[in-house]
Amino acid sequence: MAVIDGNLGLLLGDSEAKAKTQRQRLPIAVVLAALYLLVLLVAVIYPSLLARDQPLAINTTQTFLGPSLHHLFGTDQSGRDVFSRVIYGARSSLSIGVAATALALAAGSALGLLAGLGGRFLDVVIGRVLDVLFAFPGILLALLFIVILGANVTTLILAVGLGTVPGYARMIRGQVISVRDAPFVEAAAVLGHTRWRVITRTIFPNAMRPLVVLATLGVGQSIVFASSLSFLGLGTAPPAPEWGAMLSAGRDYVATAWWLEFFPGAVIVLFTLATTALGRHLQRHFEGKDAA
Amino acid sequence: MTTTLRTLDALDVFAEADPPQAATVAPRRGRLLRRFQSHLLSAVFVMWGAATLTFGVLHLMPGNAAVAIAGGAASHPSHSQIAAVTAQYGLNKPLIVQYLIYLEQLLRGHLGYSSSQQMAVSTVLLQNVGPTLLLMGSALALAWVLALASSVLTVKWTRVGSSIGSGLEVLGASLPSYWLGIVLLEVFAFKLRWFPATGGSGLVGLVLPAVTLAIPLAGFLAQVTREEFESALEQPFITTARARGMGDWGVRIRHALRHAILPGLTLSGWAIGSLVTGAVIVETLFSRQGLGNMLLVGITQQDPPLTLGVTLIVALVYVVANLTVDGLYLIADPRLRATA
């Protein structure tokens, strides 16, 4: 964002914009985070650009090789290259995280808006239901979904997505209520806009503003959550390269082949760190704007 | 001069939490009681919600509810077993009657029979609740020690120390427990052989699982306590304390620390939820006996009574823990006791 500001400033020859850019130099952590996410994006779109080997290519003469220059992340019990599997796994793993977060935000926003704008009765009912769901650790809700629907990718997305809904719904409700009582909403009502127009044009866009930050932070958390369930053997089925499934399969060899668990896990840890750094940065950016 | 300092010092509500005059004690106790009653009421409501949720799951599950209660399809219950369950739970009656009978059975402590463990679910729960509570309790305590140490030791001494501290906190909070557990296992159990890799009774076996659970939690708690610690150090009562000649350590530990604890304490309720998630993973990874392990067994071996029983007991632990946190909060923050 600051880069765009800078370009604009140079184009316009605006000294004030230039001063602003210098003050808001991007922290190194945010640059690294963005770079890492960019690499993962390449892995999602065009994995063969990064990985030389096929993710499913079995080679029984090269099982359990430790990390080396030839196999950066080593090979697994079937002689498959772990690095290639991690790269090819980015697509399904990140899709699960994004889909689950999207589901959670959509359902959370709907509930939050209903509670915030639907009158006292709805607010109390939704609030109480959320209290109950909140009292359930996310993993229990997720596991109950798996009990009902059986373990597969769709269930995993539903379980992770719906398991995190209560938190989002609470946050959105709070945001809706603070916006609902803001002076500019009163002004819009005084101007004679219909209630529907005030809700869709004034309350909704303002209440949804923290969503960008929530979504950025949420994708990282969803992926950790989904991979935890996969790790327990409740996610995607093996041969397919997916980070959680790789973790689950590697569990049997943890005493002998540490790289099977270490590298897929490390990729997830770095992803969470990257989304946290970026999310925090966006948060500060928005808050700064609010203060101005 | 001394008077001014005293007045300023009084702004630190925690510095001297002397009880107010005797006259205010009676209404204060009334307020506390009422507060506690409303918390208790919402706790009961949450438990009722949890029971309703498990009832819903039992009936939404593929297959017959009678088979599920009798131990799940995997256990192949006999016709007489199914008939017995149908009669006990009134499964041929209308849904609302079934629901009431289900609640009654729960209140009597009848949670069904676990086919995978070959014993009553309530017995399984009794055997497993202890180890899990021990694991969660020690992890929570360790997390608090780490979080507070990080705040006291790194906030505002030097800039480098402060950024290292907050960097470590973000890193800690981002570590999934399965990965952290595997790294700790690899280093301390397989390479250094300091701790056993699996199970292990007694304190030695508890170390790695508790540390695995505590580190991510400490990261979260420390981020909150650090922020509060920083702002507490800028308050006028800190200047007062320094003006009275109190040393840096004294200021940090006697004054700022108490402020830093409160927001973290609120989070402890949430933390217990995250500890449950962590416990499932850690108990599986370290092959420890406990509720988390039983939960996973219940799901993977299709043993619905066990799964739902663990779900209910976990909700109960969570509710009781939150009530305790509320109580602690009242003790830690004298403002909540004030008769305004």
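Keep in mind the model is a prediction, meaning the values are calculated, not measured.

### Quick word on the overall build of chain A
Move 1: Counting secondary structure elements, chain A contains 13 helices and zero strands.
Move 2: Ordered by position in the sequence, the α and β elements of chain A form the string α-α-α-α-α-α-α-α-α-α-α-α-α.
Move 3: Residue pairs at least 24 apart in sequence account for 62% of intrachain contacts in chain A once pairs closer than 6 positions are excluded.

### Re the confidence of the model for chain A
All names here are of chain A.
Move 1: Mean pLDDT over chain A works out to 80, with 88% of the residues at or above the 70 mark.
Move 2: At the low end of the mean pLDDT range in chain A sits helix 1 (residues 2-12), at 39; at the high end sits helix 4 (residues 82-117), at 89.
Move 3: Overall, residues 1-22 carries pLDDT values under 50, and its contacts beyond four positions in sequence, including any with other chains, amount to 14 contacts.

### Quick look at the interface of chain A and chain B
For an interface, size is often stated in terms of accessible area lost upon the parts coming together.
Move 1: Contact with chain A, which involves 33 residues of that partner, is made by 38 residues of chain B.
Move 2: Counting residues per element, the ones that place at least two in the side of chain A that touches chain B are helix 5 (120-135), helix 6 (138-149), helix 11 (211-231) and helix 13 (259-291) of chain A.
Move 3: A per-class count over the side of chain A that touches chain B returns 23 nonpolar, seven polar and three charged.

### As for the environment of B:G309
Residue and element names in this part refer to chain B.
Move 1: If you trace the backbone, G309 turns up in helix 13 (residues 304-332).
Move 2: Overall, the presence of 25 C-beta atoms within 10 Å leaves G309 in the buried class.
Move 3: Separated by 184 residues in sequence, G309 and L125 have C-alpha atoms that sit 7.5 Å apart.
Move 4: With near-sequence residues (within four places) excluded, G309 lies in contact with L111, V121 and L125.

### Thoughts on the environment of B:R226
Residue and element names in this part refer to chain B.
Move 1: As for its placement among the helices and strands, R226 is situated in helix 9 (residues 202-233).
Move 2: In this structure the C-alpha to C-alpha distance between R226 and V44, which are 182 residues apart in sequence, comes to 34 Å.
Move 3: Ignoring sequence-local partners within four residues, the contact set of R226 consists of S151, V155, S166 and E169.

### Overview of the nonpolar core
Move 1: Grouped together as the largest cluster of nonpolar side chains are 158 residues, with contacts concentrated most on B:A139, B:A143, B:A214, B:L217 and B:L275.
Move 2: Broken down by element, the residue count for this core peaks at 16 residues, all from helix 4 of chain A.
Move 3: Contacts of B:L275, omitting those with residues within four sequence positions, involve B:M136, B:A139, B:L140, B:L213 and B:L217.

Basis of the calculations
Residues numbered from 1 in each chain as written. Chains lettered and ligands numbered in written order. Predicted model: local features only at pLDDT ≥ 70, side-chain atom pairs only at ≥ 80, totals over all residues. Helix = DSSP H or I, 4+ residues; strand = E, 2+ residues; numbered from the N terminus. Contact = placed C-beta atoms within 7 Å. pLDDT = per-residue confidence, 0-100. Nonpolar A, V, L, I, M, F, W, Y, C, P; charged D, E, K, R; others polar. Buried ≥ 20, exposed ≤ 12 C-beta atoms within 10 Å, placed from the backbone. Core = buried A, V, L, I, M, F, W, Y, C linked by C-beta atoms within 7 Å.

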